[in-house]
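Structural overview for review
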Amino acid sequence: MSSSVRSTLKENGFAWLLLLPSLVFLALFTLYPMWKTGKISFYQSDLATPIPTFTGWDNYSRMLDDSVFRQVIGNNLWFALATVPASILLGMVMAIFADKAIHAKSWVRVSFFYPNLIPMIAAANVWLFIYTPQYGLLSRITVWFNAEGMNLLGNPDTVMGALAFMMIWKEAGYFMIFYLAGLQNIPKDLYESANVDGVSRFVVFRRITFPLLMPTTLFVMIIALTNSFKLVDHLWIMTKGGPDNSSSLLLFYIFETAFSFYDQGMAGALTVVMIGILLILSCAQFFGLDKRIHYR
Amino acid sequence: MKFRAKLMLVLCMCVLFVAGCGTSGSKTGQGDTQQPKLESGANTEQVASEGEQTELSFYYPIAVGGPLTSVIEKMTEEFTKENPDIKVKPIYTGSYADTTTKVQAGVQAKQPPDVAVLLTTELYSMIDSNAVIPLDDFIAKEDPSYIEDFYPAFMSNAQSEGKTYSIPFQRSTIVLYYNKDAFKKAGLDPEKPPANWDELVTAAKQLNQNGQSGIEIPGSGFAYWMFQLLSLQNSPDGGNLMSPDGKKVFFDTPENVEALQYWVDLTKKHKVMPEGILDWATVPSDFLAEKTAMIIHTTGNLTNIKNSAAFDFGVAFLPMNKQYGSPTGGGNFYVFKDIEPKKQEAAWKFIKFMTEPERAAQWSIDTGYVAVRKSAYETDVMKQYTQDFPLAVVARDQLEHAHAELSTHNNGRVSKALSDQVQAALTGTIDPAGALKKAQEEANKALEPFNK
């Protein structure tokens, strides 16, 4: 009895020792900053209070009254809703096409994937030009249809749509790579027997390809969702969150609060909200949906 | 036995790992600012033999085009040649915003730079975070002609409640650029740019043809700055948007509503400016691509436009209404608090060196910024330059009518409150009066703690 306890302890201890290096890193660069952020979110620490003072939940209640915060959360949900399903679907279609393409297979794959290789800042500059009114690429095309030169980024009604479109273009190729890998894992004999039975291509997709790609879809979905909260670099180049905050996202607002408003406490509280959202998303993957999907 | 051996091995590795981590961690943690201290500490031991050398870390941003890091580095080398006991370490820190972020991080870690160029509008943020020192003691030791030589419009953003906190270095203001060829084509006199608001509308209407708009004023990023020029021009007594102590703002005055209405009308009523918010960086490109005949933009773009314009262009005073007016912009030198007094003195020497008339003149020529001192325009190099390129003095002449850029306590929030609402008015989501009322309310809230 006691010897078995000792041996499990030994084995577990050994495992912990092996994990120690990565635990040290995790603690140093993830857990400690999280703890510090959580702590400062309960303090008022801004330009008016040189010495941080404890104010409890004050930052959080101020946040709920902050119309910009509500707008930013709304924008972020809108942005996620617009980019996630569309880029996943496009990624899947592109993967199936690239998988089936007979001619110039690698050329097709490269051209689908290249937007992802371009750094976000460079892509943002390219798209800034595409969206430029009057002589930008898009305006030149619309002029053929006799439409007015549109200022998509300078209008609160269109700016989010324009940015979401760019993000879909940027992300779809990345997701295609995962789907390509997923497609390689589907046993070919399933397709052969479907072929023998004379099943239509649509049914093949619905009954074989799509369900067997589910694990990939789930994985990609989590990446896409977290990316829609994490990727904000383009805002600096394209809109700076404007006009009137209509393209501002949560992470951009956190940066503004911390480094333009010098409001450390509020920035901490906003970061806690951000961490909460990302944690919920990943928990949903690990503990919820994950179990319903069949892995081989 | 075998297990023990393994355990020992892993333990050893962990210890090594943690130790390695520790040293590398402490190195990166100390960063650039610590090194000079260590070195100067080492130097202290040599004092007896060869006199000690003070090392200054100097953070600077670059906000205009050109290979300017090498220009700055050359200037600091010259300084060390003249002052062998002081070594300046120039550290390029990206944009103004990046520089502020780095300085702020340094201040919080109690390792600020010794001297830095930051936006003049950071004045109150620097004072409130207890980061910088007033320079009055140093100024008092100088001949009064030194400080009086700086243009007052530039000094006003450096001072608060009777103290001077910074020294102008790279300063700009806003001017009107116009396409002389387009003026000729539209039947306008290319030597007579619009001088007031009404003339601006009339000229813009005539110029607004063949896919070319009459005028463009950028509304992204620095919307508050552009609004400020209209506000200054429409102010009955030359009053600014804020009180000199940076504790109050006056956004929702009837004159300011008129000023914002004028900007909105350029698009909505007169249809001489494109719809929506015009991007800060796109506006000069539009001008160069001849998609707009006039733009209102910073003097910082003068060199760029001069080098790239394929047409004859002019630079003029901003059109007046009740009076001429423009805010200034750009960056000043700040000296930091948590450093040795010896370094602060060295920093002052460095600032004086960097603002010597010859050097201010050369910096202005290299960058397109306005030279910060009157005597800089008396130097031979500047005289030669302005003779070849007379447009360079327009901004200088306009300084007489220039005022401090919007700068208050809690400046980030206050200027954003104004920028957001100006954008909302320009895109038509709210009327100018309502927009400025909202901006005033938000700014009041942000300033409340400083008015107790």
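The shown structure was predicted, so the numbers you read here are calculated from the model rather than taken from an experiment.

1. Re the UniProt feature "transmembrane region" (unreviewed entry) in chain A
Residue and element names in this part refer to chain A. With numbering matched to this structure, UniProt assigns "transmembrane region" (unreviewed entry) to residues 12-35, 77-98, 110-130, 159-181, 210-229 and 266-289. For residues 77-98, the helix share is 100%, the strand share is 0%, and the end-to-end C-alpha distance is 31 Å. In residues 159-181, helix accounts for 100% and strand for 0%; the two terminal C-alpha atoms are 34 Å from one another.

2. As for the nonpolar core
Counting residues in each nonpolar core, the largest one holds 123 residues, and the members touching the most others are Ile215(B), Trp263(B), Met294(B), Phe313(B), Phe333(B) and Leu418(B). Residue-level mapping places this core at the junction of two domains, with at least three residues from each of domain 1 (53-171 + 330-388) and domain 2 (173-326 + 407-451) of chain B. Ile215(B) has contacts with Leu176(B), Leu200(B), Ala204(B), Leu266(B), Val272(B), Met273(B), Pro274(B), Thr292(B), Met294(B) and Ile296(B), leaving out every residue within four places of it along the chain. Counting residues in each nonpolar core, the second largest holds 23 residues, with Met92(A), Ile186(A), Val220(A) and Ile223(A) among its members.

3. Digging into the layout of surface pockets
Vacant regions in the atomic arrangement are exposed by a probe of water-molecule size rolled over the atoms. In this model, the second largest pocket occupies a volume close to 960 Å³. Ile40(A), Ser45(A), Gln264(A), Gln104(B) and Gln108(B) are, among the 30 residues lining the second largest pocket, the residues nearest its centre. Those elements giving two or more residues to the lining of the second largest pocket turn out to be α1 (2-40), α12 (250-259) and α13 (264-292) of chain A together with α4 (96-108) and α5 (123-128) of chain B. When residues of the lining of the second largest pocket are assigned to their parent elements, the largest contribution, five residues, is made by α4(B). Of the residues contributing to the lining of the second largest pocket, the split by class is 14 nonpolar, 11 polar and five charged.

4. Let's talk about unusual backbone geometry
Residues and elements named next belong to chain A. Residue Asp 244 is not a glycine yet carries a positive backbone phi of 50°. When you line up the elements, Asp 244 lands in the loop between α11 (233-238) and α12. Relative accessible area serves as the criterion here: at 19%, Asp 244 is assigned to the buried category. One non-glycine residue, Tyr 262, lies in the positive phi region at around 60°.

5. Quick word on empty space enclosed by the protein
Evaluation of the coordinates by the stated rule reveals six cavities of 30 Å³ or more. Size it by volume and the largest cavity reaches roughly 190 Å³. Asn151(A), Leu153(A), Ile277(B), Leu278(B) and Asp279(B) are, among the 20 residues lining the largest cavity, the residues nearest its centre. Sorting elements by how many residues they give to the lining of the largest cavity places helix α13 (residues 282-288) of chain B first, with three residues. Across the lining of the largest cavity, the residue classes tally to nine nonpolar, eight polar and three charged. The space that makes up the second largest cavity amounts to roughly 120 Å³. Around the second largest cavity, the lining is made up of 16 residues, and of these Leu302(B), Gly368(B), Tyr369(B), Ala392(B) and Ala395(B) lie nearest the centre. Taken together, the elements giving at least two residues each to the lining of the second largest cavity come down to β6 (166-179), α17 (380-388) and α18 (392-398) of chain B. If you tally residues by element for the lining of the second largest cavity, the top one is α18(B), at three residues.

6. Observations regarding the side chain of Gln344(B)
Residues and elements named next belong to chain B. The topology assignment puts Gln 344 in helix α15 (residues 341-354). Taking the relative accessible area as the measure of exposure, Gln 344 reaches 11% and is therefore buried. Polar contacts involving the side chain of Gln 344 include one to the main-chain carbonyl oxygen of Lys 337, which spans 3.2 Å. Look past the residues within four positions of Gln 344 in its chain and what remains in contact with it is Ile 133, Phe 138, Val 335, Phe 336, Lys 337 and Ile 339.

7. Structural notes on the interface of chain B and chain A
Contacts between the two partners involve 43 residues from chain B, matched on the other side by 35 residues from chain A. For the pairing of chain B and chain A, the buried interface totals around 3,200 Å² over both sides, and the portion due to carbon and sulfur atoms is 63%. Taken together, the links from chain B to chain A amount to two salt bridges. Of the charged contacts, one joins Lys416(B) and Glu256(A) as a salt bridge, the two residues approaching to 3.4 Å between their closest N and O atoms.

Cut-offs and rules
- Residues numbered from 1 in each chain as written.
- Chains lettered and ligands numbered in written order.
- Predicted model: local features only at pLDDT ≥ 70, side-chain atom pairs only at ≥ 80, totals over all residues.
- Heavy atoms only, no water.
- UniProt positions renumbered as here; feature names shortened; annotations may be inferred.
- Helix = DSSP H or I, 4+ residues; strand = E, 2+ residues; numbered from the N terminus.
- Core = buried A, V, L, I, M, F, W, Y, C linked by side-chain atoms within 4.5 Å.
- Buried < 20%, exposed > 50% of the residue type's maximum accessible area, 1.4 Å probe, protein only.
- Domains from an automatic or database assignment.
- Contact = heavy atoms within 4.5 Å.
- 1 Å grid on protein atoms, 1.4 Å probe; cavity = no way out; pocket = protein on both sides within 12 Å on 5 of 7 lines; lining within 4 Å.
- Points joined across faces, edges and corners; volume = space filled by probe spheres on them.
- Nonpolar A, V, L, I, M, F, W, Y, C, P; charged D, E, K, R; others polar.
- Polar contact = N/O pair within 3.5 Å; in protein donor to acceptor, adjacent residues only side chain to side chain.
- Buried area = accessible area lost by both parts, 1.4 Å probe.
- Salt bridge = Lys/Arg side-chain N within 4 Å of Asp/Glu carboxyl O.

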